[in-house]
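# Structural characterization, general
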Amino acid sequence: MPITTRDIELLIDDGRLTDAAHELAAMAPQEAASVLDGLDTRRGTIAFRLLPKDEAVHVFDDMSSSTQARLVEALGDAEVIDAFDNLDPDDRAELLDELPATVAKRLIRTLSADEREATSVVLGFGKHSVGRRMSPEFVHVYGDDTVEQGLARVIDRGHDAETIYTIPVVDHQRRLLGVVSLRDLLLSDRAVPVETYRRTPIFTQATTSAESAARRCVDLSLPAMPVVDNEDRLIGMLTLDDAAEVVAAARDEDAARAGAHEVLRTPYLRSSVVSITRVRAVWLFVLAISAILTVNVLEVFEGTLEQKVALALFIPLLTGIGGNTGSQAATTVTRALATDEVRPRDVFRVASKEACVGVTMGAVLGLAGFGVATLAYDTGIGAVIGLTIVSVCTVAATVGGIMPLIAQTIRVDPAVFSTPFISTFCDATGLVIYFSIAKAVLGI
């Protein structure tokens, strides 16, 4: 049975450090890193010190940046210098973002000139740009190289590169011309020019959103994607594993926000009550505003409800349908934005498509609602419910579809902006539509 974080906790708490060291040494670095990610700072510090020195470097590399930061602050610079130096520049930059400025500066000073320069390249880009997640350590070949010369360059410089399976081809001004695979170089005639095997590159600008570039890399299953500056000069490579991490983090963040909270930066059992409360409280305030608006709408139509009490029974159904319809549209369009399938300029096309989807869904659900409400009450109530469902679905889908595009235009995260707005909008407008239709159809 695999050793768990809880097992290591118990061994440390019982003082059985030799047994804990034996269990940690027997794990793969990724497994040990996962265990340490789940330990609190005191136990994590002890566990890290129990690792063999060579193993500790690899385990540190596989930890989350928040765990790395905690260990750096708890252990001090001297005990993590080797592990810090062993990190790739992009991982190093992510860790530095987690550390206090004074600690970060001290650690940077411990790096060699080459490593410090590579790290500075990554740190020079915006925190959410792909330039911050690329590796500036790569091996390239020139378009006029022969295959033999290209392989010699890979062998000479490949040990410093994060990936060598996709090799960028550049000119002598380092402008990107294309890519070749290591397989092509290994299995080709050594005298043939590299240009023979060059393929059109799929690349990205360094200032592009990391999430957008990463999704493209993952969706196309690219082993690595070249990253260029504004003049198309090669400055780094985004590897598939780094892209997968970015996509996974974005997915977790979107899922959390869809559930009305933020992502916890530490494992649940290690998170304090205050930190859990903090990531949920803001969203609860937003939803509370939505509830207040709903109450105000109900107050406005109080007379209508008094004349037809049965209308109150359908309120949860209609607000639920509206909220879910809007959220579905927002999620779909947010995903399309992330993969560059749509742009903010497509707002009218998106609105038109979502309105059609809303009408179609509303017609199906409205027909069912009409039948149930008619059987339970009368034709008048059935007509109100059916027409309201059609109207609510159409409005909610249209608004849900365009809100991510508006958020993107004003440079706000669509997941942050869309979810609370749609919840508030659909509840309030859904009730206004409902009671307006009720008054018109029932004459009350």
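Structure: see above.
Presented here is a report on the structure given in the accompanying data block. Given the structure is predicted, the values throughout are model-derived calculations rather than measurements.

Scoring rules and cut-offs
- Residues numbered from 1 in each chain as written.
- Predicted model: local features only at pLDDT ≥ 70, side-chain atom pairs only at ≥ 80, totals over all residues.
- Heavy atoms only, no water.
- Helix = DSSP H or I, 4+ residues; strand = E, 2+ residues; numbered from the N terminus.
- Buried < 20%, exposed > 50% of the residue type's maximum accessible area, 1.4 Å probe, protein only.
- Contact = heavy atoms within 4.5 Å.
- Areas by Shrake-Rupley, 256 points an atom, 1.4 Å probe, with all protein chains shown as cover.
- Pairing = 2+ DSSP bridges.
- Disulfide = S-S within 2.5 Å.
- Polar contact = N/O pair within 3.5 Å; in protein donor to acceptor, adjacent residues only side chain to side chain.
- Arc of directions from axis to C-beta.
- 1 Å grid on protein atoms, 1.4 Å probe; cavity = no way out; pocket = protein on both sides within 12 Å on 5 of 7 lines; lining within 4 Å.
- Points joined across faces, edges and corners; volume = space filled by probe spheres on them.

Each helix and strand in the protein was counted, giving 20 helices and 6 strands. The buried share of the protein, taken over its 444 residues, is 46%. Looking at the protein alone, contacts between residues at least 24 apart form 66% of all its contacts between residues at least 6 apart. For the protein, the exposed surface amounts to about 22300 Å²; the carbon and sulfur share of it is 58%.

Glancing now at the pairing of strand S2 (residues 166–170). The buried fraction of S2 amounts to 5 of the 5 residues, a majority that puts the element mostly inside the structure. Bridge analysis of strand S1 (residues 141–142) against S2 gives 2 bridges, and the strand direction is parallel. Note that in S2 the partner of Tyr142 across the bridge is Val170. Bridge count between S2 and strand S3 (residues 176–181): 5 bridges; the pairing is antiparallel. The partner of Ile167 across the bridge, within S3, is Val180. Between S2 and S3, which pair antiparallel one after the other, the connecting turn spans 5 residues, and Arg174 there sits at a positive phi close to 65 degrees.

Let's shift gears to the state of the cysteines. One pass over the structure, following the stated rule, counts 0 disulfides. Free of any disulfide, Cys393 has its nearest neighbouring cysteine sulfur in Cys426, separated by 9.7 Å.

Buried residues of helix H13 (residues 210–219): Ala210, Ser212, Ala213, Ala214, Arg215 and Cys217, and no others. A distance of 3.3 Å separates the backbone nitrogen of Glu211 from a side-chain oxygen at the start of H13, and that oxygen is part of Ser209. Immediately downstream of H13, the backbone of Ser221 shows phi near 55 degrees, a positive value.

A word on helix H10 (residues 113–123). Glu115, Ala118, Thr119 and Val122 are the residues of H10 that are buried. All buried residues of H10 lie within an arc of 95 degrees about the axis, which places them on one face of the element. Residues of H10 that are exposed and point more than 90 degrees away from the buried face comprise Ala113 and Glu117.

So, on to the layout of surface pockets. Space inside the second largest pocket adds up to approximately 630 Å³. In terms of lining, the second largest pocket is formed by 17 residues, of which the most central are Ala118, Pro136, Glu137, Phe138 and Asp160. In terms of residues, the lining of the second largest pocket owes the most to one element, H10, which gives 5 residues.

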